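Letter by letter, the chains look like this.
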Amino acid sequence: MDKSRAHGNDQSSTAGASCGHVEDYEAAILAANAEYDVKKAFVQSLARDSYGFVIFRDVISEEDCRATRNEIWSYLESKVPGFRRDDPETWRVLSETNTGRYYDAYGLPPDPVIVTRQLVRNRQNCNVIRAFKNILGDGILVSQDRWCLYRATQRGGVPTRNNLHLDLHPWRYLDGNTQIEDLRYEEGHDHEFSLEIPRSRAEDGPHIQGVLNLLDNLEEDGGTQLVPGFHNAFMEWKLELGKESEWLFKPGQHSNWLHPGNGGASFKFHEQDPIQALAHRIPLKQGSLLLWDQRCVHGSRPNCSSRVRMAQFIRAFRRAPLSKDRAVARACAIFRKLKAAQLLDEVSGSGMEVFGFHDLPDAMDMMQTGLSCLD
Ligand SMILES: O=C(O)CCC(=O)C(=O)O
Ligand SMILES: [Fe+2]
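A brief structural summary. (Residues numbered from 1 in each chain as written. Chains lettered and ligands numbered in written order. Predicted model: local features only at pLDDT ≥ 70, side-chain atom pairs only at ≥ 80, totals over all residues.)

1. Notes on the sheet that holds strand β10 (residues 289–293)
Note: strands within a sheet are paired through backbone hydrogen bonds, in either parallel or antiparallel orientation.
Item 1. What the five strands build is an open sheet, ordered β1-β10-β5-β12-β3; its pairing is antiparallel. Looking at the sheet topology across the chains shown, the edges are occupied by β1 (53–56) and β3 (147–150). In this sheet, neighbouring strand axes are inclined to one another by 20° on average, regardless of whether the strands run parallel or antiparallel.
Item 2. Pairing geometry for strand β5 (residues 208–213) and β10, over five bridges, is antiparallel. What sits directly across from valine 211, in β10, is leucine 290. (Pairing = 2+ DSSP bridges. Helix = DSSP H or I, 4+ residues; strand = E, 2+ residues; numbered from the N terminus. Axes fitted to C-alpha atoms, helices over the stretch in contact; angles between N-to-C directions.)

This is the structure in structure tokens:
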């Protein structure tokens, strides 16, 4: 395996030429890694060294980025009447859809799982998988998620919400009581793929989240922000929280709150919390993959430029902790979705692995015939 591509000099160069911070982080991460075996070094650099995030450069090609962006535009043009990619005047119609508040707040489309050709290719891309394996080891499954579009506010776009949060339930993450093993991914329950994040349990870790960046993303274009090193403070912070019942949302209250969600939760930091001053925007080059430790407080900042932001959310996790029942149900659901999208022929050897198809009985036959136990 060519680890130098994901590690060596790629990392030392800038990701987002406009941001000195990122250069510093990358240089420091490289320096830390240089002393160690690359695989172990990376686990250590996320777990122990100070930053809690890494950027892998040139993970997907310019052509892949362009194809992914095309799919995003095509999705919007086909689903949102009046939307035209080359006419920013029409982009406001996103706000007028039933789910316009999600486009406005987070740049998110309504479908929690999007299965289109290039998104699938990115999920099984060898460099993407290599990056995740550097941290998680072999035997991983990749998430089935969506993308985001931040409209250019200087061209009339609605700014997304500034936000900082943790995508986990601080108490249940630690005690393991998140009901993650109840997920069965039945037809019409795509949101269960999203629940994999807030239901994660420390015992199954390490846990990482990620953003695959599809267009050069400068500081002012809006996008991911992170509190570097928070993963190291997580345990102490959690202990100081005290009881879960004290953190439920109360209208009008200017404090942080636990946003419960069906077994898991996210923990939201209020706009007035001093932690806001510790967050750094992470500009990224097109084709870069940003990964962060799930215990790192993160979120996003709004666009204030004339350029759009486009990114694909992607995450991977260890296969080992999944029960056989859940693993099979999950793989069947992905198979079903690929088949419905007529994309089974896209699945590579890596895809077979990271989509969990090795857990399906007769997976190879099913790929050839397009038949499955679900037909
Ligand atoms: O927009 C972003 O990059 C941050 C999104 C986020 O909070 C997440 O992926 O969990
Ligand atoms: Fe998040």
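2. A few points about the sheet that holds strand β8 (residues 264–268)
Item 1. In space, the six strands of this open sheet follow the order β7-β8-β4-β11-β6-β9, with antiparallel pairing throughout. The open sheet terminates on both sides in strands that have one partner only, identified here as β7 (257–261) and β9 (280–281).
Item 2. Where β7 meets β8, five bridges bridge the pair, whose relative direction is antiparallel. Paired with leucine 258 across the bridge in β8 is phenylalanine 267.

3. What about the site of ligand 1?
Item 1. The immediate surroundings of ligand 1 are formed by Cys148, Asp167, Gln209, Val211, Gly223, Thr224, His298, Gly299, Ser300 and Phe313.
Item 2. Of all the secondary structure elements, the ones that give two or more residues to the shell around ligand 1 are β5, β6 (223–226) and β11 (298–301).
Item 3. Residue classes in the shell around ligand 1 are distributed as three nonpolar, six polar and one charged. (Near = placed C-beta within 6 Å. Nonpolar A, V, L, I, M, F, W, Y, C, P; charged D, E, K, R; others polar.)

4. Some thoughts on unusual backbone geometry
Item 1. A cis amide bond links glycine 205 to the next residue, proline 206, at an omega of 5°.
Item 2. With respect to the helices, strands and loops of the structure, proline 206 is situated in the loop between α11 (191–195) and β5.
Item 3. Backbone geometry at glutamine 342 places phi at a positive 55°, although glycine is not the residue there.
Item 4. Note that glutamine 342 resides in the loop between α13 (324–340) and α14 (349–354).

5. Considering α13
Item 1. For α13, built from 17 residues, the straight-helix expectation of 24 Å at 1.5 Å per residue is met to within 8% by its first-to-last C-alpha distance of 24 Å.
Item 2. Those residues of α13 that fall on the buried side of the exposure criterion are Arg330, Ala331, Cys332, Ala333, Ile334, Phe335, Lys337 and Leu338.
Item 3. Of the residues flanking the end of α13, it is glutamine 342, one or two places downstream, whose phi is positive at about 55°. (Expected span 1.5 Å × (residues − 1). Buried ≥ 20, exposed ≤ 12 C-beta atoms within 10 Å, placed from the backbone.)

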